[in-house]
Amino acid sequence: MTARRGGGVPVRRLTVLYDANCPLCAHLRAWLIRQPQLVPLSLVPAGSAEAERLYPGLDHSRTLREITVIGDQGQIFDGAAAWIVCLWALAEHRPKAYWLATPAGAPFVRVTMLAAAKYREATTDRPAGTADPAAGPPCDDRCEIPR
């Protein structure tokens with residue numbers, strides 16, 4: 001789990017940088033938006049002009065390869081920590097986030113992240129981090145968000 005900068009500073013708002021060209025990421029974005037939030041989430045396409053304007057010092061090619069979440073005080077979460085902090089922000093999933101952050105939950109996070117990476121590879125028609133996110137998803141009905 002990786003969390004950089006801003007340790008010990010309370011988080012009041014989170015920005016989730018997600019790959020808008022990834023069907024799984026688009027689905028998870030829609031799911032996050034529908035959840036009751038304890039900490040407000042802003043969802044911004046990774047690598048977009050908006051992301052670059054908001055976070056000029058960030059490695060934006062890396063944010064296309066791996067989910068990145070940024071706290072309002074400059075906290076940066078990526079990898080497993082990013083997934084966990086997204087769940088932590090949600091009213092119904094905060095207890096699960098605390099468990100996932102423990103040694104007992106770590107194997108579940110690892111397996112889930114590996115499965116997500118395999119799914120992305122199978123449903124995205126390009127290597128991760130290589131397309132213009134403003135261009136939209138490079139796929140057909142696989143990108144539809146289930147209702």
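Our structure's up above, just so we're on the same page.
How each quantity is defined
- Residues numbered from 1 in each chain as written.
- Predicted model: local features only at pLDDT ≥ 70, side-chain atom pairs only at ≥ 80, totals over all residues.
- Heavy atoms only, no water.
- Salt bridge = Lys/Arg side-chain N within 4 Å of Asp/Glu carboxyl O.
- Helix = DSSP H or I, 4+ residues; strand = E, 2+ residues; numbered from the N terminus.
- Expected span 1.5 Å × (residues − 1).
- Buried < 20%, exposed > 50% of the residue type's maximum accessible area, 1.4 Å probe, protein only.
- Arc of directions from axis to C-beta.
- Contact = heavy atoms within 4.5 Å.
- Core = buried A, V, L, I, M, F, W, Y, C linked by side-chain atoms within 4.5 Å.

## Some thoughts on the pattern of salt bridges
So, point 1. Summed over all chains, the structure comprises two salt bridges.
So, point 2. What emerges from the salt-bridge pattern is a single network uniting R62, E66 and D78.

## Quick word on helix α6 (residues 106-123)
So, point 1. Spanning 18 residues, α6 covers 26 Å between terminal C-alpha atoms, matching the ideal 26 Å at 1.5 Å per step.
So, point 2. Three or more residues of α6 are buried, namely V109, A116, R120 and T123. With its buried residues spanning 80 degrees around the axis, α6 presents them on a single face. α6 presents V111, L114, K118, E121 and A122 as exposed residues on the side facing more than 90 degrees away from its buried surface.
So, point 3. Looking at the buried residues of α6, the elements they touch are α1 (23-34), α3 (60-65), α4 (80-88) and α5 (94-100).

## Describing the nonpolar core
So, point 1. Of all hydrophobic cores here, the largest spans 29 residues; its most connected members are L14, V16, L41, V69 and F77.
So, point 2. Secondary-structure elements contributing two or more residues to this core are β2 (14-18), α1, β3 (41-45), α4, α5 and α6.
So, point 3. Among the elements that make up this core, the one with the highest residue count is α4 (eight residues).
So, point 4. With residues up to four places along the chain from it excluded, the contact list for L41 reads L14, V16, L32, A89 and L90.
So, point 5. Formed by nine residues, the second largest nonpolar core is a distinct cluster that contains L17, V44, Y55 and L64.

## Quick notes on α1
So, point 1. Relative to the 16 Å expected for twelve residues at 1.5 Å per residue, α1 spans 17 Å between its end C-alpha atoms, a close match to the ideal helical length.
So, point 2. Along α1, the positions that sit buried rather than exposed are P23, L24, C25, A26, A30 and L32.
So, point 3. Elements in contact with the buried residues of α1: β2, β3, α4 and α6.

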